[in-house]
Amino acid sequence: MTAANDGGRASVERGLALIIVLLVTYRLAYHASYLGEVPFTHATFADGAMYEQAARDILDHPPLGTQAFYLQGAYAYLLALGMAIRPWPSFGLIVQLIVAFAALALFHRSALKLWGRRAGLVSSIALLAYPGLAFYENKHLSAELGVACNILVIAAFVAVLARAAPDPSRPGLPDRRLLLASLGLGAASGLATLARPNMILALPFTLLALALVVRRRAGERPRRAVALVLATTLLGTTLALAPMAARNLAVTGSPDVQPVHGGGTSFFIGNNPKSRGVWNDGDLLSARLGTESHELALALGIDPTLPERERAREIGEALYARSLDWIADNPGAWLKLELHKLWLTTGDQQLTQDYDWLGERELLPWAHRVGVSFSILLALGLLGAGAVLGRRWLPPAAEDDQPPPTWTATSNRAALGWFVLGQLLAPLAANLLYFTSAQHRLPLVVPLALLSGPGLLALIAWARAKLGREPVAPEPTHPPLPTWLVVLAGVALIQGPWPRSHREHPHPVHYYNLAMVQDSIGEPLDALASLNRAIELRPRQPIFHMRRAHLRLRLEDFDGVDQDLALVFDIAGAEGAPDWVVEQAELDRHSLAIERALRSR
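1. Topic: the overall build of the protein
Here comes step 1: On a plain count of helices and strands, the protein comes out with 24 helices and zero strands.
Here comes step 2: Computed over its C-alpha atoms, the radius of gyration of the protein comes to 27 Å, within 12% of the 25 Å expected for a compact globule of 601 residues.
Here comes step 3: Judged by the C-alpha coordinates and their principal axes, the protein covers about 95 × 55 × 50 Å.
Here comes step 4: Expressed as a percentage of the 601 residues in the protein, the buried residues total 51%.
Here comes step 5: Long-range contacts, defined as pairs at least 24 residues apart, comprise 74% of the intrachain contacts of the protein with a sequence gap of at least 6.
Here comes step 6: Carbon and sulfur atoms form 62% of the exposed surface of the protein, whose accessible area is close to 26,600 Å².

2. Considering the pattern of salt bridges
Here comes step 1: Per the stated rule, a full pass over the model turns up 22 salt bridges.
Here comes step 2: A salt bridge links arginine 540 to glutamate 575; the shortest N-O distance between them is 2.9 Å. Of this pair, arginine 540 sits in the loop between helix 21 (524-537) and helix 22 (542-554) while glutamate 575 sits in the loop between helix 23 (558-574) and helix 24 (579-599); the two residues are 35 residues apart in sequence, bridging distant segments of the chain.
Here comes step 3: The closest approach of N and O atoms between arginine 599 and glutamate 556, which form a salt bridge, is 2.9 Å. One end of the pair, arginine 599, is in helix 24; the other, glutamate 556, is in the loop between helix 22 and helix 23, with 43 residues separating them in the sequence.
Here comes step 4: Given the relative accessible area of 47%, arginine 599 is considered partly exposed.

3. Let's talk about the side chain of threonine 436
Here comes step 1: Here threonine 436 is to be found in the loop between helix 17 (413-433) and helix 18 (438-466).
Here comes step 2: With a relative accessible area of 1%, threonine 436 lands in the buried category.
Here comes step 3: Side chain to side chain, threonine 436 and threonine 345 meet in a polar contact 2.9 Å long.

4. Digging into helix 21
Since one α-helical turn is 3.6 residues long, residues separated by three or four positions face the same way.
Here comes step 1: When the terminal C-alpha atoms of helix 21 are compared, their 20 Å separation across 14 residues agrees well with the 20 Å that a helix rising 1.5 Å per residue should span.
Here comes step 2: Among the residues making up helix 21, those that are buried are Ala527, Leu528, Ser530, Leu531, Ala534 and Ile535. For helix 21, the angular spread of buried residues about the axis comes to 165°, placing them on one side. Seen from the buried face of helix 21, the exposed residues on the opposite side, beyond 90 degrees, are Leu525 and Glu536.

5. As for the environment of glycine 455
Here comes step 1: Residue position: glycine 455 is located in helix 18.
Here comes step 2: By relative accessible area, glycine 455 is classed as buried at 0%.
Here comes step 3: When the C-alpha positions of glycine 455 and leucine 363 are compared, they lie 36 Å apart, and in sequence the two are 92 residues distant.
Here comes step 4: Excluding anything up to four places from it in sequence, glycine 455 contacts Leu380, Leu383 and Gly384.

6. Things to note about a nonpolar patch on the surface
Here comes step 1: The grouping of Leu208, Trp418, Leu421 and Leu425 at the surface amounts to a nonpolar patch, some 300 Å² of accessible area in total.
Here comes step 2: For the nonpolar patch, the leading source of residues is helix 17, giving three residues.
Here comes step 3: Within the secondary structure, leucine 421 is located in helix 17.

7. Side note on the side chain of glutamate 338
Here comes step 1: In this fold, glutamate 338 is placed in helix 14 (residues 331-345).
Here comes step 2: Ignoring sequence-local partners within four residues, the contact set of glutamate 338 consists of Asn271, Leu432 and Leu433.

8. Remarks on the packing of helix 2 (residues 46-60) against helix 3 (residues 73-83)
Here comes step 1: Two elements in contact, helix 2 and helix 3, have axes whose closest approach is 8 Å; the angle formed by their N-to-C orientations is 65°. Considering how the two elements wind past one another, helix 2 and helix 3 form a crossing that is right-handed. Of helix 3, the residues touching helix 2 (which contributes Tyr51, Glu52, Ala54, Ala55, Arg56, Ile58 and Leu59) are Tyr75, Ala76, Tyr77, Leu79, Ala80 and Met83.
Here comes step 2: Along the lines of polarity and charge, the residues of the contact of helix 2 with helix 3 split into 11 nonpolar, no polar and two charged.

9. Here we look at the confidence of the model for the protein
Detailed reading of the predicted coordinates is not advisable wherever pLDDT is low.
Here comes step 1: In this model, the protein carries a mean pLDDT of 92, and residues with pLDDT of at least 70 account for 94%.
Here comes step 2: At the level of individual helices and strands, the protein shows its lowest average pLDDT in helix 12 (residues 292-300), which scores 85, and its highest in helix 6 (residues 131-137), which scores 98.

10. Regarding the packing of aromatic side chains
Here comes step 1: Within this structure, the stated rule accounts for 17 aromatic pairs.
Here comes step 2: With a centroid separation of 4.7 Å and an interplanar angle of 80°, the aromatic rings of tyrosine 51 and tyrosine 75 are classed as edge-to-face. Residue tyrosine 51 is found in helix 2, and its partner tyrosine 75 is found in helix 3; the two are separated by 24 residues along the sequence.
Here comes step 3: Stacked on the ring of phenylalanine 374, the Lys or Arg arginine 441 has its end atom at 4.3 Å from the ring centre.
Here comes step 4: The ring centre of tryptophan 343 lies 3.4 Å from the NZ or CZ of arginine 500, which sits over that ring.

11. Some details on helix 7 (residues 143-162)
Here comes step 1: With 20 residues, helix 7 extends 29 Å from end C-alpha to end C-alpha; this agrees with the ideal 28 Å at 1.5 Å per step.
Here comes step 2: Of all 20 residues in helix 7, 18 are buried; the element is thus mostly enclosed.

12. A word on the environment of serine 110
Here comes step 1: Considering the arrangement of structural elements, one finds serine 110 in helix 4 (residues 89-115).
Here comes step 2: On the basis of relative accessibility, which here comes to 6%, the residue serine 110 falls in the buried class.
Here comes step 3: Here serine 110 is in contact with Ala155 and Val158, once residues within four sequence places are set aside.

13. Description of the packing of helix 13 (residues 308-329) against helix 14
Here comes step 1: It is at 5 Å that the axes of helix 13 and helix 14 come closest, and there the two elements cross at 105°. Here helix 13 lies roughly perpendicular to helix 14, going by the angle between them. Along its contact with helix 13, which presents Trp326, Ile327, Ala328 and Asp329, the element helix 14 presents Pro331, Ala333, Trp334 and Leu337.
Here comes step 2: Along the lines of polarity and charge, the residues of the contact of helix 13 with helix 14 split into seven nonpolar, no polar and one charged.

14. Points about unusual backbone geometry
Here comes step 1: Residue proline 63 is reached from proline 62 by a cis peptide bond, and omega for that bond is -5°.
Here comes step 2: Counting through the fold element by element, proline 63 comes out in the loop between helix 2 and helix 3.
Here comes step 3: Backbone geometry places histidine 368, a non-glycine residue, at a positive phi of 60°.
Here comes step 4: Position of histidine 368 relative to the elements: it lies in the loop between helix 15 (357-363) and helix 16 (374-389).
Here comes step 5: For arginine 391, which is not a glycine, the phi torsion comes out positive at approximately 55°.
Here comes step 6: According to the relative accessible area criterion, arginine 391 is partly exposed, its value standing at 31%.

Cut-off values and rules
- Residues numbered from 1 in each chain as written.
- Predicted model: local features only at pLDDT ≥ 70, side-chain atom pairs only at ≥ 80, totals over all residues.
- Heavy atoms only, no water.
- Helix = DSSP H or I, 4+ residues; strand = E, 2+ residues; numbered from the N terminus.
- Rg over C-alpha atoms; globule rule 2.2 N^0.38 Å.
- Buried < 20%, exposed > 50% of the residue type's maximum accessible area, 1.4 Å probe, protein only.
- Contact = heavy atoms within 4.5 Å.
- Areas by Shrake-Rupley, 256 points an atom, 1.4 Å probe, with all protein chains shown as cover.
- Salt bridge = Lys/Arg side-chain N within 4 Å of Asp/Glu carboxyl O.
- Polar contact = N/O pair within 3.5 Å; in protein donor to acceptor, adjacent residues only side chain to side chain.
- Expected span 1.5 Å × (residues − 1).
- Arc of directions from axis to C-beta.
- Patch = residues over 30% accessible without salt bridge, like charges linked within 9 Å, V, L, I, M, F, W, Y side chains within 5 Å.
- Axes fitted to C-alpha atoms, helices over the stretch in contact; angles between N-to-C directions.
- Left-handed = near helix turned anticlockwise from the far one by under 90°.
- Nonpolar A, V, L, I, M, F, W, Y, C, P; charged D, E, K, R; others polar.
- pLDDT = per-residue confidence, 0-100.
- Phe/Tyr/Trp six-rings, centres within 6.5 Å; stacked < 30°, edge-to-face > 60°.
- Lys NZ or Arg CZ within 6 Å of the ring centre and 35° of its normal.
- Parallel < 35°, antiparallel > 145°, perpendicular 65-115°, else oblique.

Rendered as structure tokens:
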């Protein structure tokens, strides 16, 4: 290596490291601004409210709580960990952010260890520069916990690869370090399943990858070595799942590790006549905390007095049955819907669900303006997969003061391929079988970012070869990427910016949720302004008018209460409205009459 090449390589790597420092600094500024300025930090709604309810139950009856987990219990425990310091949801977010930054550091370390310094830095930049990840790091949702656990799985698999070299002193048998790494990989896979139940689909791919690694390493007695390592991995998975199963057995009488509805609600949302691939109510769901389960039971003909777990199970089964009946009766429409979900999943638009992407831009106008799009990650991920698995790229030799990269010319390509495939297929299957959203596709970002480092460097080498330039020393010589793969990556890149949704402004429900949160933290005037905005965008929504009437009653705007209640009853008579909305409006009309009678004395 010449001194010029050495200096050029060091200069590029210093530049990449500086970009990481800037991205981390931006992330700190964004999270600090969000925690200090955005009302959603201090109160929860929708799924977040269900998680907060579960966390408070755990804190009120430690350490198990008394209720079945309707959503991911692992996230409820994470939220409870922060709320144990102070019983505020914002403290749960602080703990969540600590977990997020620890996961990012672990990803960075694993990428450097796997690919070497330059490609590892690029992979870390790709992950840090994806705005959707930062967006979900500070939300009262399980998305960040799922990403952190997926990163833990990748780190554990890299540790397995690093310990896969044969041990001459134990021919044919795995050594203690490999067994410990396999145990850790199994435990990480179990935690990932607790955070996102669909990640159980990745476990068979992980086990196959492990078997391929151990089989090559074992040599003389592969079956015995493979069986031992796989058994150790499954033991780790069992140990990770066992505490949640034991908790649920003690609380509900059943050793569940997944939410009690079994995914029936999500499956119905994604597969009903009203579905367009994203969240919808299917003319059945109210998304109302505390009463939706009762309302669903009545609508589905289920006894609402059943114990919580049994009622949730029967609701889930009934919703599965409804969706499967619709699919059987409309196979063509369902296939078209699945293709539409795939189209939505691969686009650049952030199709957010509970928290509104465009709504946050109004609250923090400077945030999420630049970054790496999903289509860029998808394109680089495709190039990286082709480069690594097709031996079109290898990391350069490490400097004397740096450890050698784990990935070498003799590494097991098939094992890495099966492992990465599982990490991609599990979240993709959830987006297709259920419904897609920016939150649900977020786990795809982690393996794509990991492959982005080799993908970008291989693309640069391909471009230099096309231009007739020599490879940049000290990069090892290798065949360039096939042109068809570059074209495929180009197609993946070009299709991303194509609009999936033509909505250019925050959803009316964003302003409604913002109003509910502002009211709960003692800002009723701000809540009224948010409700006004929601009603401007959707003037015939009875829930909005009912809520504004209730708020105006507390603010003693009696004429405004009259106007809103009149609209509620008018809409209910002409178009229909949920019973609970009409009942609340009746109560507010009665309260208004009492207030006026008292003031007339």
